[in-house]
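# A look at the structure
So the chains spell out like this:
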Amino acid sequence: MSAPRRKPVEALSEEEAAEELAALAAEIAHHRDLYYRKDAPAISDAEYDALEARNAAIEARFPALVRADSPSLRVGAAPSEAFAKLRHGEPMLSLDNVFDAGEFAEFCARIRRFLRLDADEPLRFVGEPKIDGLSINLVYEDGVFVRGATRGDGIEGEDVTANLRTIADLPQRLKGRFPARIEVRGEVYMEKADFLAFREAQAKAAAEREARRQRGEKLGEAVVIPANPRNAAAGSVRQLDPRVTAARPLKLIAYAMGAASEAPAQTHWEYLARLAEWGFRTNPLSRLVASEAEAEAFQAEMAERRASLAYDIDGVVYKLDRLDWQARLGFVGRAPRWAVAWKFPAERATTRLLAIEIQVGRTGALTPRAVMEPVNVGGVVVRHATLHNEDEIARKDIRIGDTVIIQRAGDVIPQIVGVVKEKRPKGAEPYVFPTACPVCGSHAVRPEGEVVRRCTGGLTCPAQTVERLKHFASRRAMDIEGLGEENIEQLFREGLVKSPADIFRLHRHAETMRHWEGWGERKIAKLLEAIEARRRVPLDRFIFALGIRRIGEANARLLARHYHTVEAWRERMIAARIAGSEAREELGSIQGIGPAIAEELVEFFAEPRNRAALDDLLREVTPEPVAVEAAGDSPFAGRTVVFTGTLATMTRDEAEAMAERLGAKVTKSVSRKTDFVIVGADAGSKATRAAELGVRTLSEAEWRAMAGIG
Ligand code: IVH
């Protein structure tokens, strides 16, 4: 894998540097895996160090090219395995973005609609500068800091308690009056000046290390040169040795609340005051804004002050001030309805369009993607941009070789906003969109009135097959851990997995996989274990995992709730093929399933290969019925339930409201009349009492399953 690299770093062009950094990232990751996980290094320590040094030297010369997956930003093999997992008392959410006053007004209108407020009812928000750092969750018990974690996937993060304790801004003990148990959320960050000084010191250390290497001396730990303050903060918090974290100039600002044993305030503004009383640093620039107009003025003011602040901000977070309204609004997906990040305008840059790649998706859609000369757009190196569809390319008249203006806004995939026509090379031809699938060669057709062209190869198209497999195993579908995109591609390439059912027969091929590079005993055992764990899944996940066009998570849930069992669903879908049949009428009558969706389902089941693949899969997997959310049918209808402890996936209020919707009577204390006690984390006497009285207790997962929450 390691080719000799003789070209001196000084002689590299930017393009060559980007290419080599990509290769080095893959190569170093590979050797770390061999070394740390498999205890089977393939190269000497000196050779390995040379790779890291080369990577560091190129990064030092081209700081803008530092990759998100750069080995210099990671320690060891898989940093996420270096820390214990910690489950947050309440999920840590992200925020939706808006970019202008119009979008902010829409956000406000949605709040008013949801709360049934008059259009002229003023909404009061707290505006907080959005600092670009690392968000963390801090748990205080009886006022004492006991645990702290990174956000992770929002449900569980990494336990970085020891490292967080070294941050001077973090109160080890709360002052004044506080709830017995509370989660405080905030941002760990590095100020701009501290970052620059730190970066310089790291660069110096890297140079010294390089000199030692050339003298053939012992090297010690690799030196990381962070690309931006965010990476510097994140890397510092995720150190294995807290003494390293302690030496870093980290700051902490508190701004949000997680689970709490009692409400410490009625408004967010008041909550910020509590945080300050308890001893946290809060942002002095945060402001109460009484209307949309005031928010707009604050936004303009912050945009102006942005450059002169001691830290980087990328926008302003607006949070509805009233906490009772926040609770009623709740969440959609991963973001609250009551808060939004109003980002500063997108950053732009120009670069050259080298090629247009066509990707083939799970449902055969051909999606064009721009491949460009790497360019730095607001601190991130961009090489690809989405081109949406063929009409978009024609409308903007984008040609290969053109100088294009690209724009990156927040976490959004970069887009091409236009072409610099004056710089168009002579002879550049308008782009002709392919009419055949670039992977299987089948016709690619575009039905009247649609913008997407699709490969007609169906299950015979390898690209579609692989994409379906990726979808099947993905987190929101079957959620098979360790079966990520790369592994699926390899398993498919090697011919071991051609259909979803093959995944569950993979155990027969353990011996074959053992011979593959990078597939150690442990990796195989873990993968097979993860597969076995998913032989029983809720029916809605199963239906979603099949990847039928237009059947997203919500529609899958509707189908699962309506048909209860996979057998019933399968049988009724096949019967629904006949127009006007009772089964077809039934499908059409399901609230939320429109004619287009029904059509897709019928088409899927009309294809014999799809039915064969499904039946094959059902020999391996047992989908489990989901409970129905209809008061009459629910196992909770007419029952008395009590919630105790902290639920991880929903608030107590939300859970109680849901139980009531299912026809339950919710009470606060456990008695002989209680039918179910739902036990969350850290439950106390109520759980004990339930056991004494022989009342049935449910875990959070059991409650969710019985309540039919996906
Ligand atoms: S509140 C439900 N407040 O932005 C509210 N987040 O996209 C969730 N952030 O992961 C977060 N400053 O890292 C909040 N004043 C602020 C923030 C802030 C920065 C970051 C945070 C979070 C991300 C959400």
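For every chain, the first residue of the written sequence is number 1, and numbering continues from 1 onward in sequence order. The model is predicted, so local features are restricted to residues of pLDDT at least 70 and side-chain atom pairs to those at 80 or more, both for listing and for counting; the totals for chains, interfaces and linings are taken over all residues. To get the side-chain values, all heavy atoms of the structure are used, and hydrogens and water are removed first.

### Re the overall build of the protein chain
Note the following rule: Working definition: helices are DSSP H or I runs of at least four residues, strands are E runs of at least two. Numbering for both runs from the N terminus. Each residue is assigned to one of three classes by its accessible area relative to the maximum for its type, calculated with a 1.4 Å probe on protein chains only: buried under 20%, partly exposed between the two thresholds, exposed over 50%. All accessibility values rest on the Shrake-Rupley procedure with a 1.4 Å probe; residue burial counts only the protein chains present in the view. We count Lys and Arg on the positive side and Asp and Glu on the negative side, and we leave His and both chain ends out. Charge positions are represented by NZ for Lys, CZ for Arg, CG for Asp and CD for Glu.
Looking only at helices and strands, the protein chain features 26 helices and 26 strands. For the protein chain, the spread of C-alpha atoms along the principal axes amounts to about 80 × 70 × 60 Å. The proportion of buried residues among the 710 residues of the protein chain is 47%. Total accessible area computed for the protein chain in this model is approximately 34,400 Å², and 50% of it derives from carbon and sulfur atoms. Of note, the protein chain has its 104 positive side-chain charges centred 1 Å away from the centre of its 107 negative side-chain charges.

### Considering the site of the ligand
Definition in use: The rule for a residue being near a molecule or strand is that one of its heavy atoms must lie within 4 Å of it. Each polar contact in these results corresponds to two N or O atoms within 3.5 Å; when the atoms are within protein, one needs to be able to donate a hydrogen and the other to accept it, and residues that are neighboring in sequence are counted only if both atoms are side-chain atoms. Note on residue categories: nonpolar means Ala, Val, Leu, Ile, Met, Phe, Trp, Tyr, Cys or Pro, charged means Asp, Glu, Lys or Arg, and polar means any other residue, Gly included.
What surrounds the ligand is a group of 15 residues, the closest being Glu128, Arg151, Glu187, Tyr255 and Lys319. Taking Lys130, its side chain carries an N or O atom lying 3.3 Å from an oxygen atom of the ligand. Considered on its own, the ligand offers 520 Å² of accessible surface; in the complex 87% of this is hidden by protein. For the shell around the ligand, the elements supplying multiple residues, two or more each, are β3 (125-131) and β10 (313-320). Tallying contributions element by element places β3 first for the shell around the ligand, with four residues. Residues that form the shell around the ligand fall into these classes: eight nonpolar, two polar and five charged.

### Digging into the packing of aromatic side chains
Put simply, the test is: Working definition: a ring pair exists when centres of Phe, Tyr or Trp rings (six-membered ring for Trp) sit within 6.5 Å. Plane angles under 30 degrees give stacked, over 60 give edge-to-face, the rest tilted.
In the structure shown here, the tally under the stated rule is 18 aromatic pairs. Measuring from centroid to centroid gives 5.5 Å for Tyr189 and Tyr311, while their planes differ by 70°, and the two rings are edge-to-face. Highlighted residues: Tyr189 in strand β7 (residues 181-189) and Tyr311 in the loop between α10 (292-305) and β10, separated in sequence by 122 residues. Looking at Tyr311, the relative accessible area reads 8%, which means it is buried. Clustering of aromatic rings is evident, with ring pairs tying together Phe104, Phe107, Phe125, Phe298, Tyr318 and Trp342.

### A few points about the pairing of strand β25 (residues 676-679)
Threshold: Whether two strands pair comes down to DSSP finding at least two bridges between them.
Sheet topology note: the strand β23 (residues 640-644)/β25 ladder contains four bridges and is parallel. Looking at the pairing, Phe643 lines up with Ile678 of β25. Looking at chain direction, β25 and strand β26 (residues 696-699) are connected through four bridges and run parallel. Looking at the pairing, Val679 lines up with Ser699 of β26.

### Some words on the sheet that holds strand β8 (residues 251-260)
Operational definition: The axes used here are C-alpha line fits, helices contributing only the stretch in contact, and every angle between their N-to-C directions lies in the interval 0 to 180 degrees. Here a residue-residue contact requires only that any non-hydrogen atoms of the pair lie within 4.5 Å.
A sheet is described by the order of its strands in space; here four strands give the open sequence β5-β4-β7-β8, paired in antiparallel fashion. Lying at the two open borders of the sheet, with one neighbouring strand each, are β5 (144-150) and β8. For this sheet, the mean inter-axis angle between neighbouring strands, taken without regard to orientation, is 30°. In the sheet, β7 pairs with β8 via seven bridges, with the strands oriented antiparallel. Its bridge partner being in β8, Val188 is matched across the sheet by Leu252. Contacts from helix α9 (residues 268-278) reach β7 and β8, with the element oriented near 120° to β8.

### Quick word on the pattern of salt bridges
Filter applied, for reference: Each salt bridge in this description consists of a side-chain nitrogen of Lys or Arg and a carboxyl oxygen of Asp or Glu lying within 4 Å of one another.
Within the structure shown, the criterion is met by 54 salt bridges. Put simply, Glu141 and Arg147 hold a salt bridge, and the shortest N to O gap is 3.3 Å. A relative accessible area of 27% places Glu141 in the partly exposed class. For Glu600, the salt bridge goes to Arg549, with nearest N and O atoms at 3.4 Å. Taken together, the positions of Glu600 in helix α22 (residues 595-606) and Arg549 in the loop between α18 (539-545) and α19 (553-563) put the pair 51 residues apart, joining distant regions of the chain. When its relative accessible area of 13% is taken as the criterion, Glu600 is described as buried. Under the relative-accessibility criterion, Arg549 is labelled partly exposed at 23%. Shared partners join several salt bridges into a network, and the residues in it are Asp502, Arg505, Glu532, Arg535, Asp616, Arg619 and Glu620.

### Looking at the environment of Asn228
The topology assignment puts Asn228 in the loop between α6 (192-214) and α7 (229-237). Note: C-alpha distance between Asn228 and Tyr563 (335 residues apart in sequence) is 52 Å.

### Description of α22
For clarity, the threshold we go by: Given a helix with a known number of residues, its expected span is that number minus one, times 1.5 Å.
Look at α22: 16 Å from first C-alpha to last across 12 residues, which is about the 16 Å you get at 1.5 Å a residue. If you follow the buried residues of α22, they end up packed against α19, α20 (566-575), α21 (582-589) and α23 (608-618).

### A closer look at α20
Among all positions in α20, only Val566, Trp569, Arg572, Met573 and Ile574 are buried. Against α18, α19, α21, α22, α23 and β22 (622-624) lie the buried residues of α20.

### Here's the deal with the nonpolar core
Note the following rule: Note on terminology: a nonpolar core comprises buried Ala, Val, Leu, Ile, Met, Phe, Trp, Tyr and Cys residues joined through side-chain atoms within 4.5 Å.
Within the largest apolar cluster, 57 residues are counted, with the highest numbers of intra-cluster contacts made by Phe542, Leu559, Trp569 and Leu587. Tallying contributions element by element places α22 first for this core, with six residues. Counting 32 residues, the second largest nonpolar core, distinct from the first, contains Met190, Val237, Leu250 and Leu252.

### Overview of the confidence of the model for the protein chain
Cut-off, in case you're wondering: The predictor attaches a confidence to each residue, and that confidence, scored 0 to 100, is pLDDT.
Looking at the protein chain as a whole, its pLDDT mean stands at 88, while 95% of the residues score no less than 70. Here residues 76-80 scores under 50 on pLDDT; set against residues more than four positions off or in separate chains, the count is 11 contacts.

### Looking at unusual backbone geometry
The residue His388 is not glycine, and still its phi comes out positive at about 65°. By the secondary structure assignment, His388 is in the loop between β16 (380-386) and α12 (390-395). Classification of His388 as partly exposed rests on a relative accessible area of 36%. Here Arg550, not a glycine, exhibits a phi torsion of approximately 70°, which is positive.

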